[in-house]
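# Summary of the model geometry
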2 protein chains.
Amino acid sequence: MSKTPYKIYLTEEEMPKVWYNLKAVMKELPPPMLNPGTLKPITAEELKQVFCDELVSQELNTTDQYIEIPEALRNFYRMFRPSPLVRAYCLEAMLDTPAEIYYKFEGTNTSGSHKLNSAAAQVYYAKQQGITSLTTETGAGQWGTALAMACAYYGIDLQVFMVKISAEQKPYRKTVIETYGGKVIPSPSNTTEAGRKILAEDPETTGSLGCAISEALEVAMKTENCRYVLGSVLDHVLLHQSIIGLETKYACEKYGIEPDLIIGCAGGGSNFGGLIAPFMGAKINGKADIHFIAVEPASCPSLTRGRYAYDFGDTGQTTPLIKMYTLGSGFIPSPNHAGGLRYHGMSSIVSKLYHDKYLEARAVEQTKVFEAATTFARCEGILPAPESAHALAVAMDEALQCKESGEKKTILFGLTGTGYFDLAAYRDYNEDKMTDYIPTDDDLARGFATLPKVD
Amino acid sequence: MSKTPYKIYLTEEEMPKVWYNLKAVMKELPPPMLNPGTLKPITAEELKQVFCDELVSQELNTTDQYIEIPEALRNFYRMFRPSPLVRAYCLEAMLDTPAEIYYKFEGTNTSGSHKLNSAAAQVYYAKQQGITSLTTETGAGQWGTALAMACAYYGIDLQVFMVKISAEQKPYRKTVIETYGGKVIPSPSNTTEAGRKILAEDPETTGSLGCAISEALEVAMKTENCRYVLGSVLDHVLLHQSIIGLETKYACEKYGIEPDLIIGCAGGGSNFGGLIAPFMGAKINGKADIHFIAVEPASCPSLTRGRYAYDFGDTGQTTPLIKMYTLGSGFIPSPNHAGGLRYHGMSSIVSKLYHDKYLEARAVEQTKVFEAATTFARCEGILPAPESAHALAVAMDEALQCKESGEKKTILFGLTGTGYFDLAAYRDYNEDKMTDYIPTDDDLARGFATLPKVD
């Protein structure tokens, strides 16, 4: 049988031994991060106060196209990688499309998403450096879970500042993190100055990601042998996620699959950036003709309606300034069930590629996303995370366009995770209680008003 | 590198094309099911009123060692099979044992367990027979989810009678089933005579599996082109689950793994019976020397403290009589978080093999089970279902015994599923709120008093 298998599993020996550094291939680099006080490019020394040394080196590396994945870290990766590249035979049949549809599925590990690729790497380097504890923030909870798994594996203490409303709405996420030994602190908390200040001003606050970041940063700065880790946006996180794209590209080459279209959801941009990395490199070098689409929620449209400007990474305005497509750090995303895509900005690499017209961006409304997710679950068996289903919705659109036009395109999308912890959202959709939110121009203007003046 | 990989994935071409019928190999057959009215062996015609024709043939087949898996069904299996056989390198290192530990992991599909193996087969045969709707009951919800997935794939209507207390305690299980298009009816309901009768007697009842079975059976009998399906206990369910054992055996042979010990959890016995089937066949034929251990909860000890007797399969006492190890259909299992193991009886095949001393049984208390589950999650990354963790707990015991004795045994256990929907139980464990329940001799006597008089 010469038919492509349903699931292409590379062997563990075929798993990439390097990451792909897209910045070493780009014709023009993204502008550097700036120190918000001096407006000068941030230095490695400044970054090392917060992040592990090796991660800072990776963050600033613009020359090495390939960066080795240490052998010991590859042993951890072998517990959940290579992940499958799946041919969506049943979805193709259901849509009655001449297109071939493939998806790279990152949801086969307990954290339920691609986040573990970077969590494993970041905790590995922390361990190497003799760091004994880490702090982070989490909203939807996928990052917190992945990090707790990695910290359990390497024996490192973890404090997760979880937005209070999320901790209350998703008690089971908290339980998973605790089962892996992580300490979950609903934020704002009494354990930090930042938290106490916010609670004094508003004892009833349900918290925000900005506040959780401030608390996590404060603990990292004040605790010996402690560092802060972040699950998206930054260049080193995209670097780690490039293992998704490398595996995908190798599987495609092995089976003679030539994608015309690669689609991913984009929140902070790490999964999308990782998936496209080696394909984009080939495109930049004129070796491939692939169309890339980043899909974001219509409720938080940083690429499709944002500005390309220097902005803070957090709502507390404490981080270095990053040149990116942004809605302004003060933009308040309206309620949307894809918590992982509810971020005001976008990776500077993805932003630069978008600005230079190497990729397209589309915004999708959430009812359409859940319609696609439900269809997919019923024919392909996997219950997608709402985030992942953004990419799926556009992949299905494109497959239906092929049906119209008769084109036999090869469509590949990233299915970043599973929706086991998003069932309240599925219930709303099933019961017809889900609505769409699209920010008005006034909403956007209020967000843009919070952009710092840099130039 | 000649080291066994972390995860052994067979190719889709290597996936078994047949099931393994253990009854064709057994030296002595389990006694036949009896009609509870006449006490005569049940006939195919009687069974066909409730079950699909082909499933009845499989149920009664005692001669064909191999039964073909239809090509079209194998295409469905390819969406989630072959499942991985994993070498627990990290668990071995953590336990510092000379033993090799392997687990066959059935939790990689959205239903989260092995149940989909039989759900897919049963719905396939229903479709072949022109059946347009199915009914079933579900307690913990894994079976209901698996069946909803299979019904979505084949386009068959499904009504799931879900024990009312479970539907309330596990609302997300209900949501998953509904997302796959299944209709969930909390039981007892007003939709059946049986349900209305029970509600009239006790409007506040929280339901029971016995009642849910009665309602599902009633609808199946009264509805045109409708049949009832069951997720465990019966011989045809064990037959379908033998794909677990066949894949495991083939993977072992391919990599030169010779298990000394095979361990599985046992509720109704279908996963355990399926995992051991071809290995037990080899043992019966004198071709392998393997020790088998069925693990059950101390709170519901049908093998270790039950009687080998004819009994009803349901608490409503409506099914045919099955010769099995049982605590009596009226036995009320004390609360235990492994809902899938909270059943009074045991597969007649597993019971007969146990009676004839081909296997050992052990009972484990739930705090010990969750201790093992948490340890496993932290070093192997997978969050196990409480049911599966019963097998894990005994595998860890055996590995530690090897450490004592210095023996280099090869231990293999079945990891039947994931614990994403059992986080309330994990939370209880994390917060030290979990207690153990062991039935007293008086509790058992009350159960045994409900056994029917047959001889």
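What counts as what
- Residues numbered from 1 in each chain as written.
- Chains lettered and ligands numbered in written order.
- Predicted model: local features only at pLDDT ≥ 70, side-chain atom pairs only at ≥ 80, totals over all residues.
- Heavy atoms only, no water.
- Helix = DSSP H or I, 4+ residues; strand = E, 2+ residues; numbered from the N terminus.
- Rg over C-alpha atoms; globule rule 2.2 N^0.38 Å.
- Contact = heavy atoms within 4.5 Å.
- Areas by Shrake-Rupley, 256 points an atom, 1.4 Å probe, with all protein chains shown as cover.
- Lys, Arg positive; Asp, Glu negative; His and termini not counted.
- Charge placed at Lys NZ, Arg CZ, Asp CG, Glu CD.
- Axes fitted to C-alpha atoms, helices over the stretch in contact; angles between N-to-C directions.
- Parallel < 35°, antiparallel > 145°, perpendicular 65-115°, else oblique.
- Left-handed = near helix turned anticlockwise from the far one by under 90°.
- Nonpolar A, V, L, I, M, F, W, Y, C, P; charged D, E, K, R; others polar.
- Pairing = 2+ DSSP bridges.
- Phe/Tyr/Trp six-rings, centres within 6.5 Å; stacked < 30°, edge-to-face > 60°.
- Lys NZ or Arg CZ within 6 Å of the ring centre and 35° of its normal.
- Buried < 20%, exposed > 50% of the residue type's maximum accessible area, 1.4 Å probe, protein only.
- Salt bridge = Lys/Arg side-chain N within 4 Å of Asp/Glu carboxyl O.
- Least-squares fit on C-alpha atoms with pLDDT ≥ 70 in both.
- Buried area = accessible area lost by both parts, 1.4 Å probe.
- Domains from an automatic or database assignment.
- Polar contact = N/O pair within 3.5 Å; in protein donor to acceptor, adjacent residues only side chain to side chain.
- Patch = residues over 30% accessible without salt bridge, like charges linked within 9 Å, V, L, I, M, F, W, Y side chains within 5 Å.
- pLDDT = per-residue confidence, 0-100.

### Observations concerning the overall build of chain A
Summing up its helical and strand segments, chain A has 18 helices and 15 strands in all. Computed over its C-alpha atoms, the radius of gyration of chain A comes to 21 Å, within 12% of the 23 Å expected for a compact globule of 455 residues. When contacts within chain A are restricted to residue pairs at least 6 apart in sequence, long-range pairs at least 24 apart make up 77% of them. A total accessible area of about 16,200 Å² is found for chain A, and carbon and sulfur atoms account for 49% of it. One finds the centroid of the 43 positive side-chain charges in chain A at a distance of 2 Å from the centroid of its 55 negative side-chain charges.

### A few points about the packing of helix 6 (residues 142-154) of chain A against helix 8 (residues 171-179) of chain A
Residues and elements named next belong to chain A. Their axes nearest at 8 Å, the elements helix 6 and helix 8 cross at an angle of 15°. What the angle tells us is that helix 6 and helix 8 run roughly parallel. Two packed elements cross with a definite hand, and for helix 6 against helix 8 that hand is left-handed. Along its contact with helix 6, which presents Gln-142, Gly-144, Thr-145 and Ala-148, the element helix 8 presents Arg-173, Val-176 and Ile-177. Each residue belonging to the contact of helix 6 with helix 8 can be placed in one class, and the counts come to three nonpolar, three polar and one charged.

### With respect to the sheet that holds strand 7 (residues 157-163) of chain A
All names here are of chain A. A sheet is described by the order of its strands in space; here four strands give the open sequence 8-7-6-9, paired in parallel fashion. The outermost strands of the open sheet, each flanked by one partner alone, are strand 8 (183-187) and strand 9 (226-228). Direction aside, the axes of adjacent strands within the sheet are offset by 25° on average. Relative to strand 7, strand 6 (residues 133-138) runs parallel, the two sharing six bridges. Across the sheet, residue Leu-134 finds its bridge partner in strand 7, namely Leu-158.

### Focus: the packing of aromatic side chains
Residues and elements named next belong to chain A. Evaluated as defined, the whole model comprises 39 aromatic pairs over all chains. With a centroid separation of 6.0 Å and an interplanar angle of 80°, the aromatic rings of Phe-76 and Phe-80 are classed as edge-to-face. A network of ring pairs unites the aromatic residues Trp-19, Phe-76, Tyr-77, Phe-80, Tyr-124, Tyr-125, Tyr-153 and Tyr-154 as a single cluster. The residue whose ring lies beneath Arg-307 is Phe-448, and the NZ or CZ to ring-centre distance is 4.1 Å. Here the guanidinium or amino end of Lys-323 rests over the ring plane of Tyr-308, the centre of that ring lying 5.0 Å away.

### Comments concerning the sheet that holds strand 8 (residues 183-187) of chain B
All names here are of chain B. Spatially, 8-7-6-9 is the arrangement adopted by the four strands of the open sheet, whose pairing is parallel. Of all strands in the sheet, those with a lone pairing partner are strand 8 and strand 9 (226-228), marking the two edges. Strand-to-strand twist in this sheet, taken as the mean axis angle between neighbours without regard to direction, amounts to 25°. Sheet analysis places strand 7 (residues 157-163) next to strand 8, joined by five bridges and oriented parallel. What sits directly across from Gln-159, in strand 8, is Lys-183. On the sheet, helix 6 (residues 142-154) packs against strand 6 (133-138) and strand 7 and is oriented at approximately 165° with respect to strand 6.

### Comments concerning the environment of Ala-338 of chain A
Residues and elements named next belong to chain A. If you trace the backbone, Ala-338 turns up in the loop between strand 13 (321-326) and helix 14 (348-355). Take Ala-338: its relative accessible area is 2%, and that puts it in the buried class. Along the backbone, Ala-338 and Gly-447 are 109 residues apart, and their C-alpha atoms lie at a distance of 20 Å. Look past the residues within four positions of Ala-338 in its chain and what remains in contact with it is Pro-386, Glu-387 and His-390.

### With respect to the pairing of strand 15 (residues 410-415) of chain A
All names here are of chain A. Buried residues dominate strand 15, accounting for six of its six residues. Across six bridges, strand 5 (residues 100-105) lies against strand 15 in parallel orientation. Paired with Tyr-102 across the strands is Leu-412, a residue of strand 15.

### Some details on the pattern of salt bridges
Residue and element names in this part refer to chain A. Tallied over the entire structure, the rule returns 48 salt bridges over all chains. The salt bridge involving Glu-14 is made with Lys-254; its shortest N-O contact spans 2.8 Å. Taken together, the positions of Glu-14 in the loop between strand 1 (7-8) and strand 2 (18-20) and Lys-254 in helix 11 (residues 235-255) put the pair 240 residues apart, joining distant regions of the chain. In this structure Lys-254 comes out as partly exposed when scored by relative accessible area, which is 41%. Measuring nitrogen to oxygen at the nearest pair gives 2.6 Å for the salt bridge that ties Asp-235 to Lys-23. One end of the pair, Asp-235, is in helix 11; the other, Lys-23, is in the loop between strand 2 and helix 1 (44-48), and 212 residues separate them in sequence. By sharing partners, the salt bridges in this structure join Arg-81, Lys-104, Glu-106 and Glu-247 into a single network.

### Quick notes on the side chain of Asn-117 of chain A
Inspection of the secondary structure assignment puts Asn-117 of chain A in helix 5 (residues 115-128). Judged by relative accessible area, which is 1%, Asn-117 of chain A ranks as buried.

### As for the relation of the copies chain B and chain A
Expressed as a screw transformation, the operator carrying chain B onto chain A has a rotation angle of 180° and an axial translation of 0.0 Å, and the superposed copies differ by an RMSD of 0.0 Å. Such a combination of turn and shift is consistent with a two-fold rotation axis.

### Points about the interface of chain B and chain A
Counting from both sides, the interface comprises 42 residues of chain B and, opposite them, 42 residues of chain A. Broken down residue by residue, the surface that chain B buries against chain A is led by Thr-179, Arg-378 and Tyr-420 of chain B, which jointly contribute 17%. Between Lys-7 of chain A and Glu-12 of chain B there is a salt bridge; the shortest N-O distance is 3.2 Å. Sort the elements by how many residues they give to the side of chain B that touches chain A and helix 8 (residues 171-179) of chain B lands first, with six residues.

### Regarding the domain arrangement of chain A
All names here are of chain A. Domain boundaries in chain A define domain 1 (7-15 + 80-112 + 240-444) and domain 2 (18-67 + 113-228). With centres defined by C-alpha atoms, the gap from domain 1 to domain 2 works out at 23 Å. Each partner contributes to the interface: domain 1 provides 49 residues, whereas domain 2 provides 45 residues. Carbon and sulfur atoms supply 65% of the area that domain 1 and domain 2 bury against each other, a total of about 3,600 Å² over both sides. The largest share of the area that domain 1 buries against domain 2 comes from Ser-111, His-240 and Phe-421, three residues that together contribute 21% of it. For Glu-28, the salt bridge goes to Lys-352, with nearest N and O atoms at 2.8 Å. Between the two partners, domain 1 and domain 2, sit 15 residue pairs in polar contact (both at pLDDT 80 or more). Of all the secondary-structure elements, those providing two or more residues to the side of domain 1 that touches domain 2 are helix 11, helix 12 (270-284), strand 12 (307-312), strand 13 and helix 14. With eight residues, helix 12 is the single largest residue contributor to the side of domain 1 that touches domain 2.

### Side note on a negative patch on the surface
A surface patch of like charges, here negative, comprises Glu-258, Asp-260, Asp-289 and Glu-407 of chain A. With respect to the helices, strands and loops of the structure, Asp-260 of chain A is situated in the loop between helix 11 and strand 10 (261-265).

### Some remarks on helix 8 of chain B
Arg-173, Thr-175, Val-176, Ile-177 and Thr-179 of chain B are the residues of helix 8 of chain B that are buried. Looking at the buried residues of helix 8 of chain B, the elements they touch are helix 15 (366-380) and helix 17 (423-430) of chain A together with helix 6, strand 7 and strand 8 of chain B.

### Here we look at the confidence of the model for chain A
Looking at chain A as a whole, its pLDDT mean stands at 94, while 99% of the residues score no less than 70. For this predicted complex, the interface score ipTM comes out at 0.94, while the overall pTM is 0.95.

### A closer look at the environment of Ile-67 of chain B
Residues and elements named next belong to chain B. As for its position among the elements, Ile-67 is in strand 3 (residues 66-68). Taking relative accessible area as the criterion, Ile-67 reaches 12% and is therefore assigned buried. Considering only alpha carbons, one finds Ile-67 and Leu-239, 172 residues apart in sequence, at a separation of 8.7 Å. With near-sequence residues (within four places) excluded, Ile-67 lies in contact with Val-18, Trp-19, Asn-21, Gln-58, Asn-61 and Leu-239.

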